[in-house]
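Observations on the three-dimensional arrangement
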Amino acid sequence: MSEVRKFTKRLSKPGTAAELRQSVSEAVRSSFVLEKTKVVEPLDYENVILQRRVQIYSDPLRDLLIFPIEDVSISIIGRQRRTVQSTVPEDALKKAQSLFVKECIKTYSSDWYVVNYKYEEYSGDFRMLPCKSFRPDKIPSHVFEIDEDFEKDEDSSSLCSQKGGVIKQGWLHKANINSTITVTMKVFKRRYFYLSQLTDGSYILNSYKDEKISKESKGCIFLDACNDVVQCPKMRRYAFELKTIDKYSHYLAAETEQEMEEWLVTLRKIIQSNTESLVQEKKDAVESVQDDESSTQGKSENILESLERSMHPELMKYGRETDQLNKLSRNDGRQNIFSFDPEVQRLDFSGIEPDVKPFEEKCSRRFVVCCQDFSLNLLAQLSDTAEEGPTNVEPFFLSLALFDLKNNCKISADFHVDLNPPSVRDMLLDNSEPRTEGTQGHCPVQSLVHGIPESCLRYIKWGVFSVTNPHTEIFLVARVEKVLQGSIAHCVEPYMKNSDPGKTAQKVHKVAKQVCSRLGQYRMPFGWAARPVFKDSQGTLDANGKFSPLYKQDSGKLSNEDMLKLLAEYKKPEKTKLQVIPAQLNIVIKDIPLDFTNCFTASFIPIKPFGKGCEDIAVEVEELVPEVAKYCYPFTVYKNHLYVYPLHLKYENQKVFAKARNIAVCLEFRDSDEVDAKPLKCIYGKPGGPLLTTNAYAAVLHHNQSPEFYDEIKIELPIHLHQKHHLLFTFYHVSCEISTKATSKKQDTVETQVGYAWVPLLKDGRIATLERHLPVSSNLPPGYLGLGDTESRKQSSMDAKWVDGAKPLFKIRIHLDSTIYTQDMHLHKFFHYCQLVQAGAKEVPGELVKYLKCLHAMEIQVMIQFLPVILMQLFRVLTNVTQEDEVAVNCTMVLLHIVSTCHEEGLDHYLRSFIKYVFRAEKPSAKQVKMTHEILVLSMATILKQSADFLAINKLLKYSWFFFEALAKSMAMYLLEENKIKLPRGQRFPESYQHALHSLLLAIIPHVTIRYNEIPEESRNVNFSLANFLKRCLTFMDRGFVFNLINDYISGFSPKDPKLLVEYKFEFLQTVCNHEHYIPLNLPMTFSKPKLQRVQDINLEYSLTDEYCRHHFLVGMLLREASVALQDNYDIRYTAISVLKNLLIKHAFDNRYQHKNQQAKIAQLYLPLFGVLLENLQRVAGHEALTSCPVSSPASRDEFICSFPSPSSRSSLIADKDPACGAALPNGHAIKREDSKGSLNLEGATSSLDQCENIRRSSMRSSVSHCSRLDQFEIRTLLMCYLYIVKMISEDTLLAYWNKFSPQELINVLVLLEVCLFHFRYVGKRNIASSCMRAPGPGERRLAVSPPASCRVHDAWLSKHTAADRKSQTMPALRSRAGVRLQHLGSLETSFTLNHNAGTSEADIVHQALLEGNIATEVCLTVLDTISFFTQSFKTQLLSNDGHNPLMKKVFDIHLAFLKSGQSEAALKHVFASLRAFISKFPSAFFKGRVNMCAALCYEILKCCTSKVSSTRNEASALLYLLMRNNFEFTKRRTFLRTHLQIIIAVSQLIADVALSGGTRFQDSLLIINNFANSDRPMKQDHHLLRQVMLQM
C-alpha cells in the first residue's frame, strides 16, 4: 500500500508524466522480440551468370537478365565559349614558364572529360525517369451513385433517362378502388399524371400530388398490361376505364371533354400498338416452340444456348459471354494503379539535385550604357557643312564608372568615351607629337584586332557594365575632362556666364585651338555628373532616371574617396552647394537586347554573335568584384590585366627642380632597366588612338605641387613575368603658357622632366599589389632596379639623385585582374616546389608535406578562383606519390579542407562541376605507383582510423560524396582508357584495391552505427554517399564482391536500432536498389534444383527463404528488412513501406520494361510480399474492414473459423489462437449474427479488440504483430503494392503460388482481396470535400503529405473515433446491411489521393474526387480479374458439397462486396458480367441446399434495381431476370420457386430496412424485367409465372 502511495504522490509532481511515459514505452519496446534478419551470403554473381550463360541467352526475356553492352563511356565535350575564339593566346603555352601559369592555361583551353552512364536517367527514383507521363493525359470521369444529388427527385433521373421521355401530362381524377365499397365520386382524387416511355419501349402512367415530381409517386399503371380503354359516363363525368389483361380496371376522369378525348386517343394508340406486337409475338412463339421441340429432340440445351435464341438483344449478348471475352472487356482502357498515387500526382522534385552544369563565366546583372551626346551652353558652327550643326567649341572627354555608395568603393573599371564631332576632333590633329606612340592622331598602319579593323574600335560609345550585387545605392559617375589649359576655375568660368554666348564661344574656341595644337595630349579635370542605376535590390534598372547637373570638379577633391563623399552630398537636400555647369548629358541605360551583337570583352575579344559591320560596337567594362568568397567563382577564361592608379605626389618640399607645378605623370611598362630599354606596347589607349600604346598620362592639375590623381591605367600583362618587369613613372612639368608667336622650339618648351619613380612588378615571385609609396629620383641611372629598397640604395655605387632625401613621395595603387597569376604566397610556394621537383630537383624529405600543410592557410577567394587548377594539381601529387604515406594523407587532408570550405561558403556546386567535367585521373609517372582511386581509398581509410583528429574525420564523413565521386570517375576512366572494361569483372581491379575498399567500408561502419547520435548529419551523409558509390561499383566491379560489401554494411545494423539508424538503413537500400540495372542484378529467372531438393522446398521462389534471398539478393534483402520493419513503430514502418512503394512505382513506369511479360517477370520478384501481407493480415485489414464484413447466417459461422498460422510454422499466415481474442473469423474477430436481416452484434468484436489493445500494451506478451494496428495510409500503400503485383504477375505463377496453400490459407488470400475493396472504396465528393475543408487538429497528420513524426497523434485520434464508433454500435442494430458500411464512412479520415496543400477550391475537390473514383475503379477491376481467375482455377473445389463450402462462401462474399461498396458505373458493368458468369458456373450453390447465397444476392440486386444510375438499374434488372431464368433451367423448366420466394422476402426486407427508396425507379426495373420475359422466346410458355412474381413484388 505504501508503494502505491509513493507512486501516486510522484504522479502529482510536475514534469514526471513524460518521464513515466518514456519508461513505459521503453519497457514495452524492449519486450518485443524482433528477430534480427538472418545474414544470407549473396551468390557469386559473376560465376552464376557464367555457368548459366546458355539459360540466360536463350531466355526470351534476356533483357531482364543481362547488363547492356557499352553501358559506360567517356565523351570529350568541347568547351562552350561565349567568344568567337578562345581567350587564350595561341602561343600562350610556349611562352609560359611557370607551372602555375601553364596549368591555368591548360585548364582554360582544355575540353571537358565526362563519364557517361547510358542509363543514368534510370538510376534515381521514379521522378527521374525519362518518361515523365506518369499521369494520364485525360483522367476518365466515373459516375458513382453516392455522388448523385440526394435532394434531386428520385424519379426525375428515371424520367430523364426514358427512351421517349414524357409523352403526355396533365390533371386527372383517379378512383380509389376498394373491394368493400363501390366506386363513387367521393373516392376520386385529383392527381397529376405523366405518360412516359421506358428504355425498353414500354409505357408507364405515373401519378403525383402536383406537377412537381420531386416527391414519391402515388401510383403507376403499366400500359403493356392493358388491353382496352373505354368511356364510362355513368361512373363520373368525363370518366374512362383502363382494362387490364387480368380483368382488373383503373378508373380515371378528365376535367373537360377535350382533355378526355386527348387522353383516350393517346391511350388507344399505345394499347393498339401493344396488342399488335403481342399477336406477332404469340405467332412467333408458336413457331419457335415448334422449332424448339424439333431442334431439342434428343439433346439438352444449356442456359447460354437458350439465351442466344432469345429475341432480346441484351439477352442474346449475355448468351455469347465467355470468361475470355469478359477479361478482354475489363482490360479495355485500364489505368496504371500508381498513376493516382499521391506522390505521383504531386511529382515533387524538390528532393532531386539539379543537373550539374559545367563551369561558365560568371553571369552578373548586365546592362548597356549608350553614350549619345554631350553639349555645353557655348556652341558654334565649326564645320563647313551644315549637316553637323553647332557643336562644342573645344574637345571634351568622358570616363564612366560605377560607384557603390553602400560599400564605399568603386566597382567597375573606367569606360572612356569620345563624343566629340569630327570638326572638334580635328582641333587635336595639329598636335603632332613625334616623341611618343601615345598620341591621339591617326595610326599610319591599319591593323586588325582579332580580325576586326582597329579603326572600328577607336570611338566606341556602348559600354556593357555588370554588377554582382545590385542595390539602389549604386551610381554611374561620368567624369568630364578637357585639354590642359589652366586652372579648373578659369576654364569653367566662360561656361557659367550668361552674357553674349556667341561672342564668348568664338573667344573660347580661338584659345582652345591654340591650346589643342600645343597641349593636345594632356588632360585636366573639368566636371562630373552622376545618376542612380537600380530601382531595387533585384536589379531593376532605373530606366527613367536622369543624370544630375554637371558639377564643377573641385581640384582638392579628385580621388575616388572624395567622389564617394560627393555622391553622399549629392543625395542630400543641401547638394546645391555644388557649383553647376550648364550642360546636356545624353546617356541612356537599358537592358541588353536579346539580339545584341558586335560586342567585345574587356580584353577586346569579339563575343558571339559578331557581325561584319563596325557600327554600334560595344565593349564590356570589367567589374571590380570585392574580394569576398561569396562573390568569387572559378576562372574559366584567360585574362591578364593590371590596373595602375597614381594617387598622390608630394612635391611641395622638393628643392631639386626650379619649376614643378603643372605636373604630368607618364607611365610605361618595361622589361629591362638598361639604358637603351624600350617600353612595351601593352597599355590600353584612350579613344581616338591605337588600342595598345607604350605610355599613358594622368590628368594634370594646374599650379599644384602636391597633386592628386584619379586616373586608371589598364595594362595587358605578358604571359611570362620575370624580375626585370617593372612600372616606370616619369614626371613632367608642363608649361601652360600660350605663345602668340609660333617658334620652332615650341615642343621643347612644353614639358620638362622633373623626376622618375619605378616599382618592380614581382616580389618573391608574386605580383605585389595594394598601395605602394615610392621615392622619386631626379635621374634614371642604368640598372636602377637594383635600388629597390633602403639597404640597396645605401650600398649601391650607382649615381642616383633622390628627391627630398629618398622619402616616399609618390603613392600608387595596383590592382591585379588576372586568371593566370596568383598573389597567394602559400599557393605560389606549393606550385613552385612542384615545378622544381618536376624539373628534376631532388625531393627533400618532409618538404612537400610542409608546403601541403601551408595550403590550409590559403585565402578562400583564391582557392575558389583557381579551384580546378588547385584540385587537379593535388590529385596529380596524390597519384605520383611514391611510398610516402604521409604525403598522400596530407594531400587528402588539403582536398578535404578545400571541399569543406566550399560547402561552408555554399559553393559546393563548383565541386560537382569539377568532378563531372574537369577531374581526370592521370596515369602515374612511375609504373609501380598506384592509380588515383587506389591511393585515395587508402588515404581515406587511414584518416578514418585516426582516433586523434576527430574534426578531420567528421569532415570526411560529412563531405564524403566528393571523394566517392572522384573514386567512381577515376575507376571508370581507368577501365575505359586502359581498355580493361573488356576484361571479366573479376580481373578488372587488383585484389589489393578490393581489400582497400573493404577496409574503408569497415572503417565507415562504426562512425554510422555507433556515432550516429553524436554526428547525425555526418553519418547520414556518408551513409548516402557510400550507397551511391556502391551503386556505381555494381557497374564497374565484380558484382558478387559488391553484394558482399552491401551485405557487410547492412549486417552492421540491428533490429533494436533507433529510428534514425533504421532510416539510414532504408535510405541506403533505396539508393542501391535504384540502380539502373536493378532487375538484372536480381536475376529474375528460375534456379532449378535437384528433384529431391525441389520436392522438399516448394517455397523456394515464393517466400523469403535463404535460397530466395541468395539468388535474388537485393530484392530479398529489401523485403526481409521491410518485413521486420512492419513489426516496429509507425515511423519505421512508414519508411519501409515508402521505399518499397517508390521502387514498384519506378518499375511500373520504366519504359524499358513495359511489355506485359516483362512486367510479369518483375512482379514475380516481389511475390514473397504476399506472404508478408498474409502474415500481417489482421493488421492490414484494419478494424473498420473487419467489422464491415458480416457473415451471412448462423449455420455457416463455424465453417469460417480461420486461424492465422504462426510465423514460426511457415512463411505464410499462421497465428496463435488466443482465448483472449475469442474465436476468430477470417477477419480476426468473433462476430455474432443476431438475425437473418444482416445486422451485427459487435460486442464480441469490441471486447476482443479491447483485449488485444491490452495485450499490445502489456510487456508480458511477445508478439506485436497481432494487434499493433496499421493506419489508413500504411494499409492503402501496402495494398496498392499488392494490387500492382497481382495485376502484373502471370496467371501461371499466381496459380502455382495458390496451389501451395491449404484451403484455409486460400480463404485468407481471398480475405486480402476483400480488404482491398473495402479500403479503396469511393466515399463520395461530399466526404472528400469535408475532409479537405476540415482544419487539421493539433498535431493531426494529413495522409500522404505530412511527415511521419506526427502519426502517433493521428493514431490516437483515430482510436478515439473508433471507440466512439463502437459505442454507437451498442444501440439497436440497423436492419440494413449497408448500415455498418455507412457508419464507417464518417471515421474514414481522408481521401488517399487527397493533397491538402493543393488548396480547397471546388476545382481541387472535383479533381480529388476524380482521382479517388479512378483508383476505386481500377482496384475493383484488378480484384475482379483476380477473383475471376481464381474461380476458373478452383472450380472443382468450389463445387464440392454442391457449392456449400467455406471457399465458395468467401468467393461469393467478394462478389457481393462489389455491390456493397458502391462501385462506379463502368466498374459495375463488369461486376454484373462476372456475376452472370458466376451464377451460370455454380447454379447448385444458389438453387440447391441452403438458401443463404440466393437470399443475399437477391437482396443486393434488388437494392441495385433502385439505383439512381439507369445503366446500373438495367444491369441489375437483367441479372435478376437471369437469376430467375437460371433457377428455372436448373429445375428443368419446372419452377423458379426459390428465387421467387427470396425476391419476395428481399423486397419485404428492403421495405423494413427503409432501403427501398425510389419507387418509380423500382417500377422501371420491374418493367425491364417484364420486357426481358416478353422477349425471351424459351420463356414464352411460362410467362405467367414471371408475371405472378412481378405482381407480388
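Nothing here was measured: the structure is a model prediction, and the numbers come from that model.

**Focus on the packing of aromatic side chains**
How two aromatic rings sit relative to each other is set out by the distance from centre to centre and by the angle between their planes. Enumeration over the complete set of coordinates arrives at 65 aromatic pairs. Plain terms: the ring middles of F604 and Y684 are 5.9 Å apart, the flat faces sit at 25° to each other, and that makes the pair stacked. Of the two residues, F604 sits in the loop between β24 (599-600) and β25 (606-607) while Y684 sits in strand β29 (residues 683-684), which places them 80 residues apart along the sequence. Note on accessibility: F604 and Y684 belong to one class, buried.

**Digging into helix α16 (residues 560-571)**
Its 12 residues place the ends of α16 17 Å apart at the C-alpha level, agreeing with the 16 Å of an ideal helix rising 1.5 Å per residue. Within the sequence span of α16, burial applies to N560, D562, M563, L564, L566, L567 and Y570. For α16, the secondary structure elements touched by its buried residues are β13 (396-404), β14 (409-410), β19 (474-483), β20 (523-532), β21 (550-552) and β38 (808-818).

**Overview of the sheet that holds strand β34 (residues 751-760)**
If you walk across this open sheet you meet the 4 strands as β31-β28-β33-β34, and the pairing is antiparallel. Every other strand in the sheet has two partners, leaving β31 (695-697) and β34 as the edge strands with one partner each. Going across the sheet, the axis of each strand differs from the next one's by a mean of 20°, ignoring polarity. Two strands pair when backbone bridges link them, and strand β28 (residues 663-670) and β31 are joined in this way by 3 bridges, in the antiparallel orientation. Across the sheet, residue E668 finds its bridge partner in β31, namely N695.

**Some points on the nonpolar core**
One recurring pattern in soluble globular proteins: nonpolar side chains tend to sit buried together. L727, F729, F810, I1046 and Y1166 are the most contacted members of the largest nonpolar core, which totals 319 residues. The leading source of residues in this core is helix α26 (residues 960-977), at 12 residues. In this view, I1046 contacts L1030, F1068, V1072, F1113, L1114 and M1117; residues no more than four positions away in its chain are not counted. Counting residues in each nonpolar core, the second largest holds 80 residues, with I411, C516, A529 and L701 among its members.

**Focus: the sheet that holds strand β23 (residues 583-591)**
Sheet strands pair via backbone hydrogen bonds, and the direction of the pair is either parallel or antiparallel. Reading across the sheet, the 6 strands line up as β23-β10-β18-β26-β24-β25 and stay open at both edges, with mixed pairing between neighbours. Taken across any chain shown, the strands that pair with only one partner, and hence form the sheet edges, are β23 and β25. Bridge analysis of strand β10 (residues 365-376) against strand β18 (residues 462-467) gives 6 bridges, and the strand direction is antiparallel. Residue pairing in the sheet places F367 in a bridge with F465 of β18.

**Here's the deal with the side chain of T391**
Assignment of secondary structure puts T391 in strand β12 (residues 391-392). Once residues lying within four places of it in the same chain are set aside, the contact partners of T391 are L378, L379, A380, L382, P421, S423 and V424.

**Overview of the environment of L1000**
Considering the arrangement of structural elements, one finds L1000 in helix α27 (residues 991-1009). With near-sequence residues (within four places) excluded, L1000 lies in contact with V937, M940, A941, L944 and F964.

**Let's talk about the pairing of β18**
By the criterion of burial, β18 is predominantly enclosed, with 6 of the 6 residues buried. A two-sided burial pattern is seen for β18, the buried positions comprising W462, V464 and S466 on one face and G463, F465 and V467 on the other. Of the strand pairs in this sheet, β18 and strand β26 (residues 618-620) are connected by 3 bridges, and their pairing is parallel. Residue pairing in the sheet places V464 in a bridge with E620 of β26.

**Describing the packing of helix α6 (residues 99-109) against helix α18 (residues 825-838)**
Running from N to C, α6 and α18 cross one another at 95°; their axes reach a closest spacing of 8 Å. Taken together, the axis directions place α6 and α18 in an arrangement best described as roughly perpendicular. Contacts between α6 and α18 pair L99, F100 and E103 from the former with L827, F831, C834, Q835 and Q838 from the latter.

**A closer look at the pattern of salt bridges**
For side chains bearing opposite charge, pairing can occur when the charged atoms are close. For the coordinates displayed, the defined rule picks out 53 salt bridges. Between K95 and D91 there is a salt bridge, and its shortest N-O distance comes to 3.1 Å. The exposure class assigned to K95 is partly exposed, which follows from its relative accessible area of 44%. With its nearest N and O atoms 3.6 Å apart, the salt bridge here joins D1131 to K1059. You can see D1131 sitting in helix α35 (residues 1130-1149) and its partner K1059 sitting in helix α30 (residues 1059-1073), a full 72 residues away along the chain. Taking the relative accessible area as the measure of exposure, K1059 reaches 34% and is therefore partly exposed. Among the ionic contacts, a cluster of salt bridges with common partners joins R330, R334, K1287, E1418 and D1425.

**Some words on the confidence of the model for the chain**
Of the residues in the chain, 77% have a pLDDT of 70 or more, and the chain-wide mean is 79. Confidence drops under a pLDDT of 50 for residues 292-300, and excluding neighbours within four residues, the segment shows 3 contacts in the predicted structure. Contacts from residues 1090-1100, a stretch scored under 50 in pLDDT, to residues over four places away or in other chains number 10 contacts.

**Some remarks on the side chain of S1517**
For S1517, the position within the fold is in helix α52 (residues 1510-1530). By relative accessible area, which is 0% here, S1517 ends up buried. Separated by 2.7 Å, the side chain of S1517 and the backbone oxygen of R1513 make a polar contact.

What counts and how
- Residues numbered from 1 in each chain as written.
- Predicted model: local features only at pLDDT ≥ 70, side-chain atom pairs only at ≥ 80, totals over all residues.
- Heavy atoms only, no water.
- Phe/Tyr/Trp six-rings, centres within 6.5 Å; stacked < 30°, edge-to-face > 60°.
- Helix = DSSP H or I, 4+ residues; strand = E, 2+ residues; numbered from the N terminus.
- Buried < 20%, exposed > 50% of the residue type's maximum accessible area, 1.4 Å probe, protein only.
- Expected span 1.5 Å × (residues − 1).
- Contact = heavy atoms within 4.5 Å.
- Pairing = 2+ DSSP bridges.
- Axes fitted to C-alpha atoms, helices over the stretch in contact; angles between N-to-C directions.
- Core = buried A, V, L, I, M, F, W, Y, C linked by side-chain atoms within 4.5 Å.
- Parallel < 35°, antiparallel > 145°, perpendicular 65-115°, else oblique.
- Salt bridge = Lys/Arg side-chain N within 4 Å of Asp/Glu carboxyl O.
- pLDDT = per-residue confidence, 0-100.
- Polar contact = N/O pair within 3.5 Å; in protein donor to acceptor, adjacent residues only side chain to side chain.

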